[in-house]
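Residues per chain, in single letters:
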Amino acid sequence: MILMHYRFTLPADYDMAIIERRIAENGARLDGFPDLIFKAYLYARRDEGARANCYAPLYLWRDTAGMIRFLQSAGFARLTEDFGWPAIQSWLGIKAPPVATLRDARFAVLRSEPVAPYSELAALNLQAALVGWDISAQTLLHVDFTAEAERPGDGYRIGYLALGDPTMRNAVTS
């Protein structure tokens, strides 16, 4: 599995209704996308306590084939025309929740943790629902999904959860 994430920081006075509308109109387009396990359409709003307005999708791919197909798609090209070229981060997926548990989630909290040199790699911290390992930067990405925000402005809202390839929906386990 591969986690993929990018973030567009938007101006402080940006009308976030545009992002919410974009998600509502386009979110389902990735339902059934080959090799995609899920895409969480994440966004944050300054008027809800976030540090910045942003749009920050998070993907979980079965392998690189679907990820490459998406990055070469007309939909991704349109996104870059509208918002610019993102810095795309990726991690090896080492733990994921069952997709069914994501259905009630309304928020996602992402946090990064360095992997200390000479760590016992088999003992990495896997306490979050979704965990990815950036083997180049030696960091872990921890993602927790919740129905309620723990604190105002903490994490992202999930505007839509696209479920990819139907054959993958039950393949992810904790």
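Presented here is an overview of the structure given in this document.

## Section: unusual backbone geometry
Backbone geometry places Asp35, a non-glycine residue, at a positive phi of 70 degrees. Looking at where Asp35 falls in the secondary structure, it is placed in the loop between helix H1 (17–26) and strand S3 (36–44). Overall, the relative accessible area of 6% leaves Asp35 in the buried class. Positive phi is not limited to glycine here, since Tyr118 has a value of about 65 degrees. Residue position: Tyr118 is located in the loop between strand S7 (107–114) and strand S8 (130–134). Taking the relative accessible area as the measure of exposure, Tyr118 reaches 86% and is therefore exposed.

## Observations concerning the nonpolar core
Core analysis: the biggest nonpolar cluster contains 25 residues, and Phe38, Leu130 and Phe145 have the highest contact counts within it. Elements represented by at least two residues in this core include exactly S3, strand S5 (58–61), helix H4 (99–102), strand S9 (139–146) and strand S10 (156–163). If you tally residues by element for this core, the top one is S3, at five residues. Discounting residues that sit within four places of it in the chain, Leu130 has contacts with Leu3, Phe38, Leu58, Leu60, Lys95, Ala96, Pro97, Leu141, His142, Val143 and Phe145. Membership of the second largest hydrophobic core comes to 22 residues, among which are Phe8, Ile23, Leu36 and Tyr55.

## Some details on the environment of Phe33
Summarising the element assignment, Phe33 is placed in the loop between H1 and S3. Given a relative accessible area of 15%, Phe33 falls into the buried group. As for Phe33 and Gly66, which are separated by 33 residues in sequence, their C-alpha atoms are 7.7 Å apart. Once you skip the residues sitting within four places of it in the chain, Phe33 turns out to touch Trp61, Gly66, Arg69, Phe70, Gly164 and Asp165.

Definitions and cut-offs
- Residues numbered from 1 in each chain as written.
- Predicted model: local features only at pLDDT ≥ 70, side-chain atom pairs only at ≥ 80, totals over all residues.
- Heavy atoms only, no water.
- Helix = DSSP H or I, 4+ residues; strand = E, 2+ residues; numbered from the N terminus.
- Buried < 20%, exposed > 50% of the residue type's maximum accessible area, 1.4 Å probe, protein only.
- Core = buried A, V, L, I, M, F, W, Y, C linked by side-chain atoms within 4.5 Å.
- Contact = heavy atoms within 4.5 Å.

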